[in-house]
Amino acid sequence: MPLFYEVLSGVILKKEDEQERRNKSATVTNPINNKRQHKLLCLFYPQAALVLNASRRFRYTLDLKKQEEKTQILRKIRAHAQAIRAAYLFKAAGDGQVIETTKPPAASAGEFPIGQEQLASVSREHDTVALQQYGGVAGISNLLKTNLEKGIHGDDADLLKRRNAFGSNDYPRKKGRSFWMFMWDACKDLTLIILMVAAAASLALGIKSEGIEEGWYDGGSIAFAVILVIVVTAISDYKQSLQFRNLNEEKRNIHLEVIRGGRRIEISIYEIVVGDVIPLNIGNQVPADGILITGHSLAIDESSMTGESKIVHKDSKDPFLMSGCKVADGSGTMLVTGVGVNTEWGLLMASISEDTGEETPLQVRLNGVATFIGIVGLSVAVVVLIVLLARFFSGHTRDASGNVQFKAGKTKVGDAIDGAIKIVTVAVTIVVVAVPEGLPLAVTLTLAYSMRKMMADKALVRRLSACETMGSATTICSDKTGTLTMNQMTVVEAYAGGKKNDPPGNKSELSPKLHSLLIEGVAQNTNGSVYVPEGGNDVEVSGSPTEKAILHWGLEIGMNFDSTRSESSIIHVFPFNSEKKRGGVAVQTADSEVHIHWKGAAEIVLACCTRYIDANDQLVDMDEEKDPCRPGVKDSVELCQKSGVKVKMVTGDNVKTAKAIAVECGILNSLAEATEPIIIEGKTFRAMTDAQRDEIAEAISVMGRSSPNDKLLLVQALRRKGHVVAVTGDGTNDAPALHEADIGLAMGIQGTEVAKESSDIIILDDNFASVVKVVRWGRSVYANIQKFIQFQLTVNVAALVINVVAAVSSGDVPLNAVQLLWVNLIMDTLGALALATEPPTDHLMDRPPVGRREPLITNIMWRNLLIQAMYQVSVLLVLNFRGRSILGLTHDKNDHAIKVKNTLIFNAFVLSQIFNEFNARKPDEFNIFSGVTKNYLFMGIVGLTVVLQIIIIEFLGKFTSTVRLNWKQWLISVIIGFISWPLAVVGKLIPVPDTPINNVFSRFRGRRKEPEASQ
């Protein structure tokens, strides 16, 4: 980035009017997607009446009523604060009749001559009169024992004293929901309530008829199974809520620079103490209440506190800064005077609690699927109930001994009620199995798991829906600096006086005047700093990568940073931003000369210059910076292109530099490719009409010399063409593009707080390779949900068909209530845990992006689940009707033979689900065992399920109405389950059409309607 020197007089404020206009129009808001979410939820909520446990099913839905209550609380607190401030101002105005010359009393705060109440009365009430009476910001700093240039000492003892005297920069959190509240939610499930009532009735009748020793087994078994389901469900939900709470804490933990002991260090926002000196730059969040020390065109967006979208300019007349506000423009330094609950922002945050999650689009779709399946299951259960009750009361139902269970006028009332309760219990249990509560749970689990793992991959998810949407991304519009390149700049060439300095730090060829002007420009025209420790070794240079490169070069040519800055005084600063593409400083020297130094984009700075220092009065390039491509970026770009995701580079650098980096990173194959519209300038794209932009948007690979608005226009054009667009950004002016995109990716290191708040995901290491990892995780979320759907629907279809056919044909069901509840636990909670936590694989990047309107159940999934379900239904029904003869039980007692047959059916059914769980891991791959040993949770759940199944069959027969099986019967059960593996391999050889089944049906219906219309 070239650096030039220019001498002007009387034109320091020549851009004042234009800058004012820009400031007024540059208000950056951070809209929340309430409107979009509200529309989405309103479309779905009419179906909520069909959901059997809406409180649990929709536990992560955005509560619009709660949002409104939160907004009302915010308004009340703001109004309260403004009323207090107005009262103080009114009182001050009344007291103004008497001229006060005495300094306000300063109550001691331990080690400090001023207390928190006095500081609050100055800063929170914006009392400029009291501030002046204390001696201004310099007087306050003396009372706080702070050096306005070097900050506080910052040692542990000093920090402890300040926290004891003035508090820490934290606020009390509202307690999250306790485990017992999740237990209560799980208990509200209507089907489980019915089962508990049935268990109680069965328990009472059993004890009455058979005595307490034998009569409690049936009712007690159902009650225990229901309690187990409730506890496991509550534990699962509670753990997910804790994960979301921890991730919310990560979002709040902002890192920023403070000046302590004369050096800039990075700390957490929670570590700020009263007395700290904090540099502020455009896009930063004001981290605490404070007073402005120095400011240059500093403009603050106070809308988060006042509710008014108005930019407020800060200077010595209005030096008070409120925590939580954003820096809209300019730069400065502030002295912290209030932290934590002693600030309005702290009170605000302590008064509200953040939602632990939101309903994502995929969850909404799955709720619809779950509700539909639940209705089908409910209908089937009603049919089974009617058939079984009709058979029972008409005398067609026999017990295990072959006796008729109900004889009109002869059977006792208690026995009749007991028989009817058992039938109702079976019907209700069918509903329990049919209602796939695990579908929304699976989404929550996989999102929580993905968010936690993405943190390890340097990506902080701010909005849950972004995890899913990244799986559908077709285009990534990426910045160059930092994202594709290393953001480590060095000055590699320097020209001065018509000659090339070789090496760049060779100062011997610089004239004294030119040397003096250059080091003055480098030292004064920067937001960075140079810290030289006492020994003079290991000089620390801080600032942006560009500023660090220039400061390092200044040190090489002999700059003494502190002494150079002391030789002249700053009159005015022109802050750098991505819209102006230049920044400057006006300084006054000891002999009253005014020098203005500029740095920025070459063509922008040159267009403003009138005179240059050059031996021949010719225009020459002064310096050039090289920003090397990050290691691994080229491989990441190639992986994206292979997976159907187009990478576009949008940069503020000139086209020549952008072209070279694009070739190096693999976005362009060669320089010969670099022709319009593949590579285009921002101003050219900006000048086009919407139709013209739509026409060439897809072809663009590189946009050079672009403004944030050009990026926004490109995003809008791509979205109009149907693309799912991810955008990276770091500046305040990138906020509109980040918000407009389907997925906004803010940079964690170079990104401003405004950009981060407008984003969906924060890339913590500013690396494009991490963006690609996010794409992998997005696809993994979708893939894991599909795996679970395939697994669960197979169980649903098989269990329903087996019980319905058996009930209608024989009046009895092979799988009783307790057994079905165990199956429900396997396929819902345990199945979701096992399949929803599969890590992403490279195979995911071999597929094209997932279309947002593609069906959740693909043709491949239909093929797999129907093959497995048909196999299980066929085998188990054969066992149900011919099991006695096949198993050689014809000579056994009827009661024992039926129990053995039903136990074998139950055991084979459960083992089939365990084997099929492996099939569900890889719906479209032959090697279903790939990576399975690395997924410890999956292996642990499968192992636990097998162990529990053995315990149930061998030791808990009285509770589950089962008997022990011999080794041959166990072998038969295992073989039945094992066959699902080779069957899955054969099934995957069957080709499926590319067109989704539902599209085929819709086309067929359309064709049928056409002849009818023509008639």
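The structure presented is a predicted model; accordingly, all values stated were derived computationally and were not measured.

A. Spatial organisation of the overall build of the protein. Check the secondary structure of the protein and you find 38 helices and 24 strands. Relative to its full complement of 1015 residues, the protein shows a buried share of 52%. Considering only residue pairs separated by 6 or more positions, the protein has 73% of its internal contacts joining residues 24 or more positions apart. Counting every atom, the protein has about 45600 Å² of accessible surface; 57% of that belongs to carbon and sulfur.

B. The packing of helix α32 (residues 859-886) against helix α37 (residues 980-988), seen in detail. Between α32 and α37, the least distance of the axes is 10 Å, while the angle of their chain directions is 140 degrees. By the angle between their directions, the pair α32 and α37 is classed as oblique. For the pair α32 and α37, the sense of crossing is right-handed. In this structure, α32 uses Arg 863, Asn 864, Ile 867, Gln 868 and Tyr 871 to contact α37, whose residues at the interface are Ser 980, Leu 983, Ala 984, Gly 987 and Lys 988.

C. Region of interest: α37. Of the positions making up α37, those classed as buried are Ser 980, Trp 981, Ala 984, Gly 987 and Lys 988. Buried residues along α37 cover an arc of 120 degrees about the axis, so they all sit on one side. For α37, the elements touching its buried residues are α32, α33 (894-921) and α36 (967-978).

D. The sheet that holds strand β20 (residues 679-681), seen in detail. The strand order β9-β24-β23-β22-β10-β19-β21-β20 describes an open sheet built from eight strands, whose pairing is mixed. Of all the strands in the sheet, just β9 (459-461) and β20 have a single pairing partner and so form its edges. For this sheet the average axis-to-axis angle between neighbouring strands, irrespective of direction, equals 20 degrees. Inspection of the sheet shows strand β22 (residues 725-729) paired to strand β23 (residues 743-747) by four bridges, in the parallel sense. Looking across to β23, one finds that Val 727 is bridged to Gly 744. Sitting on the sheet, helix α27 (residues 708-720) touches β10 (475-478), β19 (646-650), β21 (702-704) and β22, and the angle it makes with β22 is about 170 degrees.

E. Inspection of the packing of α33 against α37 at higher detail. One can describe the packing of α33 onto α37 by two numbers: an axis separation of 9 Å at closest approach and a directional angle of 35 degrees. Where α33 crosses over α37, the handedness of that crossing is right-handed. Residues Phe 915, Asn 916, Phe 918 and Asn 919 of α33 form the contact with α37, whose own contacting residues are Ser 980, Trp 981, Ala 984 and Lys 988. A per-class count over the contact of α33 with α37 returns four nonpolar, three polar and one charged.

F. The arrangement of the environment of Gly 554 in detail. Following the sequence through the fold, Gly 554 ends up in helix α20 (residues 545-556). As a C-alpha pair, Gly 554 and Ala 523 span 31 residues in sequence and 7.8 Å in three-dimensional space. Ignoring any residue separated from it by four or fewer positions in sequence, one finds Gly 554 in contact with Val 522 and Met 559.

G. Structural view of the side chain of Arg 693. With respect to the helices and strands, Arg 693 occurs in helix α26 (residues 690-697). When residues no more than four places from it in sequence are discounted, the contact partners of Arg 693 are Phe 685, Arg 686, Met 688, Leu 713 and Ala 717.

H. Quick look at the pattern of salt bridges. Going through the model one piece at a time under the given rule, you end up with 13 salt bridges. With a closest N to O distance of 2.9 Å, Arg 720 and Asp 694 form a salt bridge. With Arg 720 in helix α27 and Asp 694 in helix α26, the pair connects residues that are 26 residues apart, well separated along the chain. Classification of Arg 720 as partly exposed rests on a relative accessible area of 42%. Overlapping salt bridges, with partners in common, bring together Glu 302, Lys 314 and Asp 318 in one network.

I. Focus on a nonpolar patch on the surface. Together, Val 797, Val 801, Val 805 and Phe 881 line one region of the surface with nonpolar side chains, adding up to about 260 Å² of accessible area. Sorting elements by how many residues they give to the nonpolar patch places helix α30 (residues 768-810) first, with three residues. Locating Val 797 in the fold gives a position in helix α30. Take Val 797: its relative accessible area is 33%, and that puts it in the partly exposed class.

J. The arrangement of the environment of Lys 934 in detail. Along the chain, Lys 934 falls in the loop between α33 and α34 (936-955). Spatially, the C-alpha atom of Lys 934 lies 9.3 Å from that of Pro 839, the residues being 95 residues apart in sequence.

K. Spatial organisation of helix α24 (residues 655-665). Taken residue by residue, α24 has Ala 658, Ile 661, Ala 662 and Cys 665 as its buried positions. End-on, the buried residues of α24 take up no more than an arc of 105 degrees, which puts them together on one face. Those residues of α24 hidden inside the fold are in contact with α23 (633-642), β19 and β21. Two residues or fewer past α24, Gly 666 is found with a positive phi of approximately 90 degrees.

L. A look at the packing of aromatic side chains. Inspection of the entire model under this criterion finds 13 aromatic pairs. When the ring of Phe 392 is compared with that of Phe 393, the centres are 5.0 Å apart and the planes differ by 85 degrees; the resulting orientation is edge-to-face. Its end group placed over the ring of Phe 112, Lys 145 keeps NZ or CZ at 5.6 Å from the ring centre. Its guanidinium or amino end placed over the ring of Phe 938, Arg 921 lies 5.5 Å from that ring's centre, counting from NZ or CZ.

M. Molecular detail of the environment of Gln 524. Inspection of the secondary structure assignment puts Gln 524 in helix α19 (residues 512-524). Considered as a pair, Gln 524 and Ile 570 are 46 residues apart in the sequence and their alpha carbons are 7.6 Å apart. Once residues lying within four places of it in the same chain are set aside, the contact partners of Gln 524 are Thr 564, Arg 565, Ser 568, Ile 570, Val 585 and Val 587. Side chain to side chain, Gln 524 and Ser 568 meet in a polar contact 2.8 Å long.

N. Spatial organisation of the confidence of the model for the protein. Considering every residue of the protein, the mean pLDDT works out to 76; 76% of them sit at 70 or more. Highest mean pLDDT in the protein belongs to α36 (93); lowest belongs to strand β1 (residues 3-6) (34). Within the model, pLDDT remains below 50 along residues 1-64, and this stretch shows 135 contacts once partners closer than five positions in the same chain are excluded. With pLDDT under 50 throughout, residues 622-626 is counted as low confidence; its partners more than four residues away or in other chains account for 25 contacts.

O. Expanded view of the side chain of Gln 786. Along the chain, Gln 786 falls in helix α30. Discounting residues that sit within four places of it in the chain, Gln 786 has contacts with Pro 855, Leu 856, Thr 858 and Met 861.

Procedures and definitions
- For every chain, the first residue of the written sequence is number 1, and numbering continues from 1 along that sequence.
- Note on the predicted model: pLDDT of at least 70 is required for a residue's local features to be given, and 80 or more for side-chain atom pairs to be given and counted; whole-chain, interface and lining totals, by contrast, use all residues.
- The side-chain numbers reported here are obtained from all heavy atoms of the structure, hydrogens and water having been left aside.
- We count a stretch as a helix when DSSP gives it H or I for four or more residues in a row; a strand needs E for two or more, and each element gets its number in order from the N terminus.
- Accessible area is worked out with a 1.4 Å probe on protein chains only. A residue is then buried under 20% of its type maximum, exposed over 50%, and partly exposed in between.
- Every residue pair with non-hydrogen atoms within 4.5 Å of one another is taken to be in contact.
- Only the protein chains shown count as cover for residues, with accessible areas throughout obtained via the Shrake-Rupley method and a probe of 1.4 Å.
- Note on geometry: axes are C-alpha line fits, over the in-contact stretch for helices, and angles between N-to-C directions span 0 to 180 degrees.
- Any angle that falls under 35 degrees is termed roughly parallel, while one over 145 is termed roughly antiparallel, one within 65 to 115 roughly perpendicular, and all others oblique.
- Take the far helix as the reference: if the near one is turned anticlockwise from it by less than a right angle, the crossing is left-handed, and if turned clockwise, right-handed.
- Here, the arc refers to the directions that run from the helix axis to the C-beta atoms.
- Note: two strands are recorded as paired if DSSP finds a minimum of 2 bridges between them.
- In this classification, the charged set is Asp, Glu, Lys and Arg, the nonpolar set is Ala, Val, Leu, Ile, Met, Phe, Trp, Tyr, Cys and Pro, and all remaining amino acids, among them Gly, are polar.
- Counted as salt bridges are all cases of a side-chain nitrogen of Lys or Arg within 4 Å of a carboxyl oxygen of Asp or Glu.
- Residues forming no salt bridge and having over 30% relative accessible area are the ones grouped into patches, like charges within 9 Å of each other and nonpolar side chains (Val, Leu, Ile, Met, Phe, Trp, Tyr) within 5 Å.
- Planes of paired rings set the category: under 30 degrees apart is stacked, over 60 is edge-to-face and the rest tilted, where pairs are Phe, Tyr or Trp rings (Trp by its six-membered ring) whose centres lie within 6.5 Å.
- Placement of a charge over a ring requires the Lys NZ or Arg CZ to be within 6 Å of the ring centre, with the centre-to-atom vector within 35 degrees of the ring normal.
- Counted as a polar contact is a pair of N or O atoms within 3.5 Å, where, for protein atoms, one must be capable of donating a hydrogen and the other of accepting one, and residues adjacent in sequence contribute only when both atoms are in side chains.
- For every residue, the predictor reports its confidence as pLDDT, a number between 0 and 100.

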